[in-house]
Amino acid sequence: MEKSGLVQPLAPGIFRIEIPLQGPLQNLNYYLFAGENPLLLDVPPLFEPLVEVLERAVRMAGVEKLERIVLTHAHVDHSGSAAEVSRRLGGRICAHKEEVWRLERSSESAREEVLRLGIFAKRCGFPSDRLRETLEAWKGWRGMTERCSVAERLREGDVVQGGGKRLRVLHTPGHTFGHLCLFEEGEGLLFSGDHLIRSITPNPDLLVGEDGRWDSGLPSYVASLKKLEEFDIRLAFPGHGRPIGKVKRRIAFNLEHHRRRLADVWEGVSDKGTTPWELALRLFPQVCGDGLTMDSWLALREVVGHLKILEQEGRVKIEEDEERIIAVRLRRAVSDTEGCLG
Ligand SMILES: [Zn+2]
Ligand SMILES: [Zn+2]
C-alpha cells in the first residue's frame, strides 16, 4: 500500500484518512476499518474534489466495497456526502436513532429550521446585520449536503463489526443530540467524532421547535463527558486534529472549562435580567465585537447552553415571550462547585 499522508495506518486494519483544512479545526479525519466487514466512519462534505480524495484513499487501503458507513453525527463535515459515497463504494448508512431526522429530512425542512434559529437569535438580542450574514453562511453549507436514508438506526450498547473488530456504539449527546462514538474495546481505542477533540471544546447543539421552545445540548454534553470517564480509553481518534493520548486529562480539562464558563455566565446575569447576546458580548468580546459573524453565533450558543444548566440548578430563571429571551439571577451559589458540573 502507498504510505502517503492521506491514508495512515493506526493499528492493524485501521486507517485514518486525513484531509487538511485551514482554521482551528485543522483537518477532517475519516476512519476506515479494512478487511472483513469494511466500515467507514464519517464522510466529507458533498464537494466533488473531497469525495474523490476519500474514494481514492479507501481504494488505496485495499477496500473496493464497504459494508457500512457509520456517521458520528449529521453535521456537513461528517455526513454531507453519505449518499454519494454509498453510491460509489457501497455501504449501508448507519447513525444513532436520534440523528436520523436530520440526515433524512428534506432541504425545505432544513430551511425552516434555519428560519426558526433566526427568530430565536433575534429574541436573544443577536444583531440583525449579523443574523443576515449568518443566514447566508448557512445557505452555503446546505449546498454541501444531500439527504440520505439511514438503513440501520443504532443505539447505546449496539455492537457493529468493522474490519473484523467489535465496535461498541456509545451514545454521547451534546454536540448534537444523536452524536455517537465507536469504542474498540480490545485496544481501548475511542473514535470520538466531534465529542472529544484535542484542541477545542465542541459547540453544543441547539434545537428550536415550531412553537419556539428551545433546548441546548450542553447539559447532556457534560453528562456524556462524565460517562466516558468510566471507560478504559487508551487513545481517542477525533473527527478533527491529532489523536488524544491522555484522554482522562482531556475530559477533565473540558469539564473544568465548562465549570469556569458557567461561573462567568452566572456572574454576568443581573437580577433585573440580561439578554443572552449581552452575555455573549461580555464573555467573548474578541469574537462578538469585531464582526466575526459565525463566531458570534457560536458564542451565543455557548451562552444559552450555560444558561440552561444554570436554570436546571435553580440559579437563574429564563424568562421568555415571543419577542425576547432574558436570564434573571435568582440567588448566589452555595459554593463554586455546586451543581451538575461539580
Ligand atoms: Zn460537528
Ligand atoms: Zn466536525
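### Looking at the overall build of the protein
Part 1: What the protein contains, in helices and strands, is 11 helices and 16 strands.
Part 2: Relative to the globule expectation of 20 Å for 342 residues, the C-alpha radius of gyration of the protein, 20 Å, shows essentially globular dimensions.
Part 3: Referenced to the eigenvectors of the C-alpha coordinate spread, the extents of the protein come out at roughly 65 × 40 × 35 Å.
Part 4: When contacts within the protein are restricted to residue pairs at least 6 apart in sequence, those whose partners lie at least 24 apart make up 66%.
Part 5: Element-wise, carbon and sulfur atoms account for 50% of the exposed surface of the protein, whose accessible area totals about 15000 Å².
Part 6: Distance between charge centroids for the protein: 2 Å, based on 49 positive and 52 negative side chains.

### A look at unusual backbone geometry
Part 1: The backbone phi angle of Asn37 is positive, close to 45°, even though this residue is not glycine.
Part 2: Tracing the chain through its elements places Asn37 in the loop between strand S3 (27-33) and strand S4 (39-41).
Part 3: A positive phi is found at Asp42, a non-glycine position, where the angle reads about 75°.
Part 4: Relative to the elements of secondary structure, Asp42 occurs in the loop between S4 and helix H1 (48-60).
Part 5: Of the residues examined, Asp42 reaches a relative accessible area of 2% and is grouped as buried.

### Describing the coordination of the zinc ion (ligand 2)
Part 1: The zinc ion (ligand 2) binds to the protein through Asp77 (OD), His78 (NE2), Asp194 (OD) and His240 (NE2), with metal-donor distances spanning 2.1 to 2.3 Å.
Part 2: Around the zinc ion (ligand 2), the four donor atoms sit at angles spanning 87 to 151°, and that spread fits a shape best called irregular.
Part 3: Donor residues for the zinc ion (ligand 2), ordered by position in the chain, follow D-H-x115-D-x45-H.
Part 4: A gap of 3.6 Å separates the zinc ion (ligand 2) and the zinc ion (ligand 1), which Asp194 links by coordinating each metal. Here His78 is found in helix H2 (residues 76-79), whereas its partner Asp194 is found in the loop between strand S11 (189-193) and strand S12 (206-208), with 116 residues between them in sequence. Each of the two residues, His78 as well as Asp194, counts as buried.

### Observations regarding the domain arrangement of the protein
Part 1: Each assigned domain of the protein is listed here: domain 1 (1-105 + 147-245) and domain 2 (107-146 + 258-342).
Part 2: Distance from the C-alpha centre of domain 1 to the C-alpha centre of domain 2: 27 Å.
Part 3: Roughly 2700 Å² of surface becomes buried between domain 1 and domain 2 when both sides are summed, with 57% attributable to carbon and sulfur atoms.
Part 4: By the criterion of area lost to domain 2, the three top residues of domain 1 are Arg105, Leu206 and Trp214, representing 27% of everything that side buries.
Part 5: Summed over the shared surface of domain 1 and domain 2, the number is three salt bridges.
Part 6: The shortest N-O distance in the salt bridge between Glu113 and Arg102 comes to 3.6 Å.

### Things to note about the coordination of the zinc ion (ligand 1)
Part 1: Donor atoms from the polypeptide that coordinate the zinc ion (ligand 1) comprise His73 (NE2), His75 (ND1), His175 (NE2) and Asp194 (OD), at 2.1 to 2.3 Å from the metal.
Part 2: With four donor atoms in place around the zinc ion (ligand 1) and angles of 92 to 171° between them, the coordination shape is irregular.
Part 3: Between consecutive donors of the zinc ion (ligand 1), the numbers of intervening residues give the motif H-x1-H-x99-H-x18-D.

### What about the pairing of strand S8 (residues 159-162)?
Part 1: Side chains of S8 alternate between two faces, with Val160 and Gly162 buried and Val159 and Gln161 left unburied.
Part 2: Turn length for the S8-strand S9 (residues 165-171) hairpin, with the two strands adjacent in sequence and antiparallel, is two residues, and the turn residue Gly163 shows positive phi of about 60°.

### Here's the deal with the side chain of Ser296
Part 1: The residue Ser296 is located in helix H11 (residues 293-312) in this model.
Part 2: In terms of polar contacts, Ser296 uses its side chain to reach the side chain of Arg130, at 3.0 Å.
Part 3: For Ser296, the contacting residues outside a window of four places in its chain are Phe126, Arg130, Trp277, Val287 and Cys288.

### Some thoughts on H1
Part 1: The first and last C-alpha atoms of H1 sit 18 Å apart over 13 residues, in line with the 18 Å expected at 1.5 Å per residue.
Part 2: Buried residues along H1 sit in contact with strand S1 (7-11), strand S2 (14-20), S3, S4 and helix H3 (82-89).
Part 3: Immediately downstream of H1, the backbone of Gly62 shows phi near 90°, a positive value.

### Side note on the pairing of S1
Part 1: Two strands pair when backbone bridges link them, and S1 and S2 are joined in this way by four bridges, in the antiparallel orientation. Each bridged residue has a counterpart across the sheet, and for Pro9 the counterpart in S2 is Phe15.
Part 2: Hairpin connection, S1 to S2: the antiparallel pair is bridged by two residues, and Gly13 has positive phi, about 80°.

Calculation rules
- Residues numbered from 1 in each chain as written.
- Chains lettered and ligands numbered in written order.
- Predicted model: local features only at pLDDT ≥ 70, side-chain atom pairs only at ≥ 80, totals over all residues.
- Heavy atoms only, no water.
- Helix = DSSP H or I, 4+ residues; strand = E, 2+ residues; numbered from the N terminus.
- Rg over C-alpha atoms; globule rule 2.2 N^0.38 Å.
- Contact = heavy atoms within 4.5 Å.
- Areas by Shrake-Rupley, 256 points an atom, 1.4 Å probe, with all protein chains shown as cover.
- Lys, Arg positive; Asp, Glu negative; His and termini not counted.
- Charge placed at Lys NZ, Arg CZ, Asp CG, Glu CD.
- Buried < 20%, exposed > 50% of the residue type's maximum accessible area, 1.4 Å probe, protein only.
- Donors = N, O, S within 2.8 Å, 3.2 Å for Na, K, Ca; no water.
- Tetrahedral: all angles 85-135°; square planar, octahedral: opposite > 155°, others 65-115°.
- Domains from an automatic or database assignment.
- Buried area = accessible area lost by both parts, 1.4 Å probe.
- Salt bridge = Lys/Arg side-chain N within 4 Å of Asp/Glu carboxyl O.
- Pairing = 2+ DSSP bridges.
- Polar contact = N/O pair within 3.5 Å; in protein donor to acceptor, adjacent residues only side chain to side chain.
- Expected span 1.5 Å × (residues − 1).

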